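Coordinate analysis (summary)
Here's the letter readout for the chains.
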Amino acid sequence: MLIKIYPENPNPKAIEQVVEVLRKGGLIIYPTDTVYGLGCDITNHKAIEAICKIRNIKPEKANFSFICYDLSHISDYIKPIDNTTFRVLKKALPGPFTFIFNASHMVPKLLSSNKKTVGIRVPDNEIAREIVRVLGNPILSTSIKDDDDIIEYSTDPELIYEKYEDLVDIVIDGGYGDNIASTVVDCTEGDFEIIREGKGDLELYL
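Anyway, here's the lowdown on the structure attached to this text. (Residues numbered from 1 in each chain as written. Predicted model: local features only at pLDDT ≥ 70, side-chain atom pairs only at ≥ 80, totals over all residues. Heavy atoms only, no water.)

1. A closer look at the pattern of salt bridges
Evaluated as defined, the whole model comprises seven salt bridges. Put simply, Lys 4 and Asp 173 hold a salt bridge, and the shortest N to O gap is 3.5 Å. Separated by 169 residues along the polypeptide, Lys 4 in strand 1 (residues 2-4) and Asp 173 in strand 8 (residues 170-173) bring together distant segments of the chain. Judged by relative accessible area, Asp 173 falls into the buried class, the value being 11%. In this structure, Arg 23 engages Glu 16 in a salt bridge whose closest nitrogen and oxygen atoms are separated by 3.6 Å. With relative accessibility at 41%, the residue Arg 23 sits in the partly exposed group. Judged by its relative accessible area of 33%, Glu 16 is partly exposed. (Salt bridge = Lys/Arg side-chain N within 4 Å of Asp/Glu carboxyl O. Helix = DSSP H or I, 4+ residues; strand = E, 2+ residues; numbered from the N terminus. Buried < 20%, exposed > 50% of the residue type's maximum accessible area, 1.4 Å probe, protein only.)

Okay, structure coming up:
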């Protein structure tokens, strides 16, 4: 199913429809402030397995991110961080960053793997954040990659739908996506190490 949702003012009924699908273990493709993401409810093991199958990866090898509404619940999923790190997060998020942290004991249980780290994302996109807010917990996410090496990420929701309609339950058309991924920042050692340059410029927030 392809659903049109406007990012400036997401329709609550449409958001509720997406959340219902997630609660039942469905998979969605949704817009962020960077590239379109493939997501599911982090509490649903079967849905996580289905995403791994689509991406052809083993859960323990996967670098999934948790899409969060804000920073209020991240302490459930990451080990304690210092005030300096938290201040930078507060300034940089919502924004086009994925921050990698040491995972709390909750994460291996959710992912059924021995993952020691987890990526946290708070995208500057009202559709993604509203879905998470209404759902009541983060969604597990991975970027949509394009088979064509020239275009690294699919940006057109209608083309994404054509490609994934048999694999996912809902594709949200939130307008054209970006083709630049988020900046990935490793915070596991207590400082900020950029491991992938992307759309976000962390220097602005340090």
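2. Things to note about the sheet that holds strand 6 (residues 117-121)
In space, the 10 strands of this open sheet follow the order 1-8-2-3-7-4-6-5-9-10, with mixed pairing throughout. On the outer flanks of this sheet lie strand 1 and strand 10 (193-196), each paired with one strand and no other. Geometrically, the sheet is characterised by an average inter-axis angle of 35° between neighbouring strands, direction not taken into account. Pairing between strand 4 (residues 65-67) and strand 7 (residues 139-143): three bridges, direction antiparallel. Its bridge partner being in strand 7, Ile 67 is matched across the sheet by Ile 139. Here helix 6 (residues 157-164) sits on the sheet in contact with strand 1, strand 2 (28-30) and strand 8, set at roughly 170° to strand 8. (Pairing = 2+ DSSP bridges. Axes fitted to C-alpha atoms, helices over the stretch in contact; angles between N-to-C directions. Contact = heavy atoms within 4.5 Å.)

3. Focus on a negative patch on the surface
Residues Glu 158, Glu 162, Glu 165 and Asp 166 make up a contiguous surface patch of negative charge. Structurally, Glu 162 is set in helix 6. (Patch = residues over 30% accessible without salt bridge, like charges linked within 9 Å, V, L, I, M, F, W, Y side chains within 5 Å. Areas by Shrake-Rupley, 256 points an atom, 1.4 Å probe, with all protein chains shown as cover. Lys, Arg positive; Asp, Glu negative; His and termini not counted. Charge placed at Lys NZ, Arg CZ, Asp CG, Glu CD.)

4. Quick notes on the packing of aromatic side chains
The geometry of two aromatic rings is summed up by the distance between their centres and the angle between their planes. Going through the model one piece at a time under the given rule, you end up with four aromatic pairs. Aromatic pair Phe 97 and Tyr 205: ring centres 5.9 Å apart, planes at 85°, arrangement edge-to-face. Residue Phe 97 is located in strand 5 (residues 97-102), and its partner Tyr 205 is located in the segment after strand 10; the two are separated by 108 residues in the primary sequence. The exposure class of Tyr 205 is partly exposed, given its relative accessible area of 24%. (Phe/Tyr/Trp six-rings, centres within 6.5 Å; stacked < 30°, edge-to-face > 60°.)

5. Structural notes on the side chain of Asp 33
Its place among the elements puts Asp 33 in the loop between strand 2 and strand 3 (37-41). Overall, the relative accessible area of 9% leaves Asp 33 in the buried class. A distance of 2.8 Å separates the side chain of Asp 33 from the side chain of Arg 121, its partner in a polar contact. With residues up to four places along the chain from it excluded, the contact list for Asp 33 reads Gly 95, Pro 96, Arg 121, Pro 123, Asp 124, Asn 125, Asp 178 and Lys 199. (Polar contact = N/O pair within 3.5 Å; in protein donor to acceptor, adjacent residues only side chain to side chain.)

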